[in-house]
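An overview of the molecular structure
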Amino acid sequence: MFLARRTVSPVSRRILSDKQIVAEDIAFIVVVREYNEKNDRDAVVGAESRCDAGSAGKLSLYTHLMGDPLCRVRHSPAYLMLVAEMEILGGREDKQRKEIVGMIRGCLKLVTLNRKSPENDKHGGVQRTSATKIGYILGLRVSPSHRRMGIGLKLVRRMESWFCENGAQFSYIATENDNIPSLKLFTTRCSYSKFRTPSILVQPVFAHRIKPHKKVTIIHLTQNDAVSLYRSRFSGVEFFPFDIDAVLNNKLNLGTFVAVPKGSYDQYPWPGTAAFLAAPPASWAVMSIWNCKDVFRLEVRGASRLQKAVAKMTRVMDRAFPRLQLPSVPKLFGPFGLHFLYGLGGEGPNVNIYVKALCDMAHNIAQDHDCGVVVTEVAQQDPIKAGIPHWEMLSCDDVWCIKGLGENFEDLMKSPPLTSLFVDPREF
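We now turn to the structure provided with this report.

What counts, and where the lines are drawn
Residues numbered from 1 in each chain as written. Predicted model: local features only at pLDDT ≥ 70, side-chain atom pairs only at ≥ 80, totals over all residues. Heavy atoms only, no water. Salt bridge = Lys/Arg side-chain N within 4 Å of Asp/Glu carboxyl O. Helix = DSSP H or I, 4+ residues; strand = E, 2+ residues; numbered from the N terminus. Buried < 20%, exposed > 50% of the residue type's maximum accessible area, 1.4 Å probe, protein only. Expected span 1.5 Å × (residues − 1). Contact = heavy atoms within 4.5 Å. Pairing = 2+ DSSP bridges. Arc of directions from axis to C-beta. Phe/Tyr/Trp six-rings, centres within 6.5 Å; stacked < 30°, edge-to-face > 60°.

**What about the pattern of salt bridges?**
The full count for this structure, using the stated rule, is 17 salt bridges. Residues Arg74 and Glu37 are paired through a salt bridge, measuring 2.7 Å at the closest nitrogen-oxygen approach. One end of the pair, Arg74, is in the loop between β5 (60-64) and β6 (78-90); the other, Glu37, is in helix α1 (residues 37-51), and 37 residues separate them in sequence. Exposure remark for Arg74: the relative accessible area of 29% places this residue in the partly exposed category.

Spelled out as structure tokens, the structure:
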């Protein structure tokens, strides 16, 4: 519980305690507590809706939680949601009223981080990857009418306390690079530092199907083979989750696929991960697909009638002439679903040919599921970025900010980013 002050008029105020202030006989008390799924769900959904209202006349992205405020962390190994509840005492109604005015979500996981050994260490100055327990903050929201009252800061600090209590060494957040208020809160008031700047790449799902590459064979791996492949080849990638088996065995995972040169392997029998890696083709790529559509929906709001009409016309043309493979704008101005592509990687001089073949297949799968877009997130310097089809106008750069909750924070900040980054689909 903490003090939140709102000035109604320049009348005299009577201070009741360090937790309450009265203005015109009204006291405001803000309590930060754990979210109660049974009692708080409707109030949180309403508060989220007010936070995502957007500005009049401007395009904005609205998130439909589908009645589940925990949807974006529910599949994480450990998670917590906190709410900031304002209690209003007194006033004309002369009774206590409560309103949820803020919320935050957080999750804990064990991942790989790239760190630099201290100079006085026997491996001083050497780059190394290590298993690190980290906390991830997402879904911080404060009602527009209750901002600039310190509520967001209190929510963050309370979540960080939970991270520390559970042994996390670091806390990090992700936000768009043009979200100045969020960046300012975390970097100036919460002591976070900018850490990584991955790219969010968005590809619309067209009305036509994309033709498969004639010289590429795509193999759908079993879950055991997928786990083995990722552990063997990608365990050193930054932010790689140690519970990758839980990710790949989740019901939202639609499969892991490997693209290889046509004729090098048949769909069946797959030789197994060990045999494949012992004698891999000259170039190959791997990718997994996560079904975000069953978790949440997005909606672009604020579009003009002209923008909607132009978008509809592109779909009409695309459906009328599918052989022309015309790009078209999907139905983004109503609730739409998405598929998230993760665990992208591969090897060889022509790896991007196989990455694109996988993305084209993912586009067609998304079309079968009636999705509006296909999304992925990769490190800016990752070579496979060039092989991922996307629209620049829909894509953006992300900013990851990190904060040390214990010792040895400087060795992490001194470590240059690796060329690859694993984005956990459970918290996208």
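**Quick word on helix α4 (residues 223-234)**
Between its first and last C-alpha, α4 extends 16 Å over twelve residues, near the 16 Å set by a 1.5 Å rise per residue. Of the residues making up α4, those classed as buried are Asp225, Ala226, Val227, Leu229, Tyr230 and Phe234. Considering only its buried residues, α4 is in contact with β12 (216-221), α5 (244-248), β13 (253-261), α6 (273-278), β14 (284-291) and β16 (338-347).

**Things to note about the pairing of β13**
Counting buried positions along β13 gives seven out of nine residues, so the element sits mostly inside the fold. Pairing analysis gives six bridges linking β12 to β13, with the strands arranged antiparallel. Within β13, the residue paired with Ile219 across the bridge is Val258. As paired elements, β13 and β14 share six bridges and run antiparallel to each other. Note on β14: the bridge partner recorded for Thr256 is Ser288.

**A word on helix α7 (residues 305-320)**
With 16 residues, α7 should cover 22 Å at 1.5 Å per step; its first-to-last C-alpha distance of 22 Å lies within 8% of that length. Along α7, the residues classified as buried are Ala311, Arg315 and Asp318. The buried residues of α7 occupy an angular sector of 65 degrees when the element is viewed end-on, so they sit on one face. Opposite the buried face of α7, at more than 90 degrees from it, the exposed residues are Arg305, Leu306 and Lys312.

**Digging into the environment of Asn177**
If you trace the backbone, Asn177 turns up in the loop between β9 (170-176) and α3 (180-189). Along the backbone, Asn177 and Val399 are 222 residues apart, and their C-alpha atoms lie at a distance of 5.5 Å. Apart from residues lying up to four places away in sequence, Asn177 is in contact with Leu183, Asp397 and Val399.

**Structural notes on the packing of aromatic side chains**
Across all of its chains, the model carries 16 aromatic pairs by this definition. Measuring from ring centre to ring centre gives 6.3 Å for Phe195 and Phe239, while their planes differ by 65 degrees; the resulting arrangement is edge-to-face. With Phe195 in strand β10 (residues 193-196) and Phe239 in the loop between α4 and α5, this pair connects stretches of sequence that are 44 residues apart. Judged by centre distance (6.1 Å) and plane angle (75 degrees), the ring pair of Tyr342 and Phe422 falls under edge-to-face. Of this pair, Tyr342 sits in strand β16 while Phe422 sits in the segment after α9 (410-413), placing them 80 residues apart in sequence. Relative accessible area serves as the criterion here: at 4%, Phe422 is assigned to the buried category. Chaining the aromatic ring pairs together yields one cluster made of Tyr230, Phe234, Phe240, Trp290, Tyr342 and Phe422.

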